[in-house]
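Descriptive analysis of the structure
Now for the letters of each chain:
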Amino acid sequence: DVQHEMELLIKCADTSNVLRPRATARGWAIKIGDEFFAQGDLERSMGLSVTPTCDRKKQTLVGLQKSFIDYCIGPFFDSVARLWPQAQPCFAQVWDNRAGWDDYDDDAVVE
């Protein structure tokens, strides 16, 4: 229905960083990773349990991005592409970006 399609479009827009050209997607990933890790640092400083994806002592930025694409947003965009085949070329960028993360470790990603 139309409502469901509109909700999917909003979700696509909200998570579209991974659909941008690789250099732009990497820049956004660094910003998002910094935000996640800052949240984890704050949780730790307040004596709270640290959210697993926000724990810089247990996670890497590269690992977060690979997992996010592999298990969450990649399958989501694949499903949306089946609903809207005309958008497949746009959604395919996520897998190009995912392949690019194999070229980085956390030290190299911020260079």
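Below or above, wherever it landed, is the structure these notes cover.

Attention shifts here to the overall build of the protein. Broken down by element type, the protein carries six helices and zero strands. In the protein, the succession of helices and strands from N to C terminus is α-α-α-α-α-α. Its C-alpha atoms give the protein principal-axis dimensions of about 45 × 30 × 20 Å. Long-range contacts, defined as pairs at least 24 residues apart, comprise 63% of the intrachain contacts of the protein with a sequence gap of at least 6. Of the roughly 7,000 Å² of accessible surface on the protein, 57% is carried by carbon and sulfur atoms. Looking at the protein, you have 12 positive and 18 negative side-chain charges, and the mean spots of the two groups are 3 Å apart.

In this section: the side chain of Asn-97. By secondary structure assignment, the location of Asn-97 is in helix 5 (residues 93–101). Of the residues examined, Asn-97 reaches a relative accessible area of 3% and is grouped as buried. Excluding residues within four positions of it along the chain, Asn-97 makes contact with Val-18, Leu-19, Arg-20, Pro-21, Arg-22 and Ala-25.

Conventions and cut-offs
- Residues numbered from 1 in each chain as written.
- Predicted model: local features only at pLDDT ≥ 70, side-chain atom pairs only at ≥ 80, totals over all residues.
- Heavy atoms only, no water.
- Helix = DSSP H or I, 4+ residues; strand = E, 2+ residues; numbered from the N terminus.
- Contact = heavy atoms within 4.5 Å.
- Areas by Shrake-Rupley, 256 points an atom, 1.4 Å probe, with all protein chains shown as cover.
- Lys, Arg positive; Asp, Glu negative; His and termini not counted.
- Charge placed at Lys NZ, Arg CZ, Asp CG, Glu CD.
- Buried < 20%, exposed > 50% of the residue type's maximum accessible area, 1.4 Å probe, protein only.

That is the geometry; function is a separate question.
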